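Overview (structure and organization)
What follows is the residue order along each chain.
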Amino acid sequence: MSQVLQEVKETGPRSSTATCLIAALAAGIGGLVTLDAGFVAADALIPTLTAAAQPAEHNAPLELEAKILLGDVRGRIDHLAVDLKRQRLFVAELGNDSVGVVDMAAHSLLRTVTGLNEPQGVGYEPTTDTLYVANARDGSVRLFEANEYKATGRIELGSDADNIRIDAAAKRVVVGYGDGGLAILDPSTRAKVRSAPLKAHPESFQLEPDSGRIFVNLPDARAVAVVDGASGKQLANWPLDKGGNFAMAIDRDRGRILLAYRSPAELAVLSTDGKPITSAETCDDVDDIFVDGKRNRVYVSCGAGYLDVFEIDEAAYRRIARLPTATGARTSLFVPELDRLLVAVRVGPAGPAAIWVFKPMP
């Protein structure tokens, strides 16, 4: 099988040999791939075919436990969030103008909230039992009560509402938006109370509860901004020497910030005052990073169709596995309380749109 996959790579996507090989592979793995008009993008299928061809490794750090279908969902899938009380997962189905609500206990789709405008970010605020949805196209943040998902409010941010973070302890909701800003929302009044101006559109950002600081990725500015969450004032700016810093995680136990660059693909580890600690090569098109404190691991999800798993050994971050997923599956969510890594897979060669549930091992 590995020789066949190599031949597919070498012959190229437009080769008739490659097309025939892919067709044969597809038939051999239960019709996983549908050929259209005799043309297939071979490179896009390599992660899927590799995943189907390889037997499960007994020592793999992640085990694929389930695939939860999302129904007739088309286009790109963006960020995820969870309601732990009800064990429900929220899926921002950007290309479908909807949010999927998944029952994690039953491993099934509960319902789909429609009528949205390119939803990018989702967040569950527990003190008011409210689902927040940030929309890119019209810049709105829509609010829904979190049982029947009836609309309860709307906050206008102007443009490109994106990532959402819930700070339940401080009773605030933080939303990245526009050409450069963080909106601080009060969940009790359902209103914006202040804005923190930034140099460029914010991508992933993380909250540090003890200090009240917010670390913000600004890929268009090749920088990380450090913002005071209480006042909205910028405390520091960390210039970066690489581009595409979309993904970020905070390791609270070690006092570290983890970034993933796309140009080139690299995992970078910094101290919380911006000093470099180490770096390691990772997979392409990273969109999410998570720290598994229980196992001293880092999980990286990539649109190239892979999950990278790193082991933390003091200041060293050693990749221990690269596991195939599906092309375009770059967003994910690690939920320590459920001890599961959830990967959003859009409709494509790997099958219909679904949440792939990975169980960390051991």
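All values derive from a computational prediction rather than experimental measurement.

Brief notes about the overall build of the chain
The helix and strand inventory of the chain stands at three helices and 28 strands. By residue count, 54% of the 362 residues in the chain fall in the buried class. When contacts within the chain are restricted to residue pairs at least 6 apart in sequence, those whose partners lie at least 24 apart make up 42%. About 15,200 Å² of surface is accessible on the chain, with carbon and sulfur atoms providing 48% of the total.

Thoughts on empty space enclosed by the protein
The full count for this structure, using the stated rule, is one cavity of 30 Å³ or more. Volume-wise, the largest cavity comes out at about 30 Å³. Across the lining of the largest cavity, the residue classes tally to four nonpolar, two polar and two charged.

Remarks on unusual backbone geometry
Residues apart from glycine generally show negative phi values, whereas peptide bonds are mostly found in trans. Residues Ser-263 and Pro-264 are joined by a peptide bond in cis, for which omega reads -5°. With respect to the element layout, Pro-264 can be found in the loop between strand S19 (256-262) and strand S20 (265-271). For the bond from Met-361 to Pro-362, the omega torsion is -10°, close enough to zero to count as cis. Positive phi values are uncommon outside glycine, yet Asp-285 reaches one of about 65°. In this fold, Asp-285 is placed in the loop between strand S21 (276-281) and strand S22 (286-292).

Section: the packing of aromatic side chains
Within the structure shown, the criterion is met by three aromatic pairs. Ring geometry for Phe-90 and Tyr-149: centres 5.9 Å apart, planes at 75°, overall edge-to-face. A residue pair is termed long-range when its members are at least 10 positions apart, and Phe-90 in strand S3 (residues 88-93) and Tyr-149 in the loop between strand S8 (140-145) and strand S9 (151-156) qualify at 59 residues. Here Phe-90 matches Tyr-149 in class, with each residue buried. If you follow Lys-67 out to its NZ or CZ, it ends over the ring of Trp-356, 4.1 Å from the centre. Its end group placed over the ring of Phe-246, Arg-262 keeps NZ or CZ at 3.9 Å from the ring centre.

A short note on the sheet that holds strand S7 (residues 130-135)
With antiparallel pairing, the four strands of this open sheet are ordered in space as S6-S7-S8-S9. Sheet topology places strand S6 (119-125) and S9 at the edges, where each strand pairs with a single neighbour. The average angle at which neighbouring strand axes cross in this sheet is 20°, direction not considered.

So, the pattern of salt bridges
Applying the stated criterion across every chain, the model contains 28 salt bridges. The partner of Asp-285 in a salt bridge is Arg-330, and the shortest N-O contact between them spans 3.1 Å. Here Asp-285, found in the loop between S21 and S22, pairs with Arg-330, found in the loop between strand S25 (316-324) and strand S26 (332-335); they are 45 residues apart in sequence, far enough to count as distant. Accessibility expressed as a relative area gives 17% for Arg-330, which makes it buried. A salt bridge links Arg-295 to Asp-339; its shortest N-O distance comes to 2.7 Å. Here Asp-339 lies in the loop between S26 and strand S27 (340-345) and Arg-295 lies in the loop between S22 and strand S23 (297-302), a separation of 44 residues in the sequence. Judged by its relative accessible area of 14%, Arg-295 falls in the buried class. Counted as one network, the salt bridges with shared partners bring together Asp-83, Lys-85, Arg-86 and Asp-129.

About the cut-offs
- Residues numbered from 1 in each chain as written.
- Predicted model: local features only at pLDDT ≥ 70, side-chain atom pairs only at ≥ 80, totals over all residues.
- Heavy atoms only, no water.
- Helix = DSSP H or I, 4+ residues; strand = E, 2+ residues; numbered from the N terminus.
- Buried < 20%, exposed > 50% of the residue type's maximum accessible area, 1.4 Å probe, protein only.
- Contact = heavy atoms within 4.5 Å.
- Areas by Shrake-Rupley, 256 points an atom, 1.4 Å probe, with all protein chains shown as cover.
- 1 Å grid on protein atoms, 1.4 Å probe; cavity = no way out; pocket = protein on both sides within 12 Å on 5 of 7 lines; lining within 4 Å.
- Points joined across faces, edges and corners; volume = space filled by probe spheres on them.
- Nonpolar A, V, L, I, M, F, W, Y, C, P; charged D, E, K, R; others polar.
- Phe/Tyr/Trp six-rings, centres within 6.5 Å; stacked < 30°, edge-to-face > 60°.
- Lys NZ or Arg CZ within 6 Å of the ring centre and 35° of its normal.
- Pairing = 2+ DSSP bridges.
- Axes fitted to C-alpha atoms, helices over the stretch in contact; angles between N-to-C directions.
- Salt bridge = Lys/Arg side-chain N within 4 Å of Asp/Glu carboxyl O.

Remember, this is a structural readout, not a statement about activity or role.
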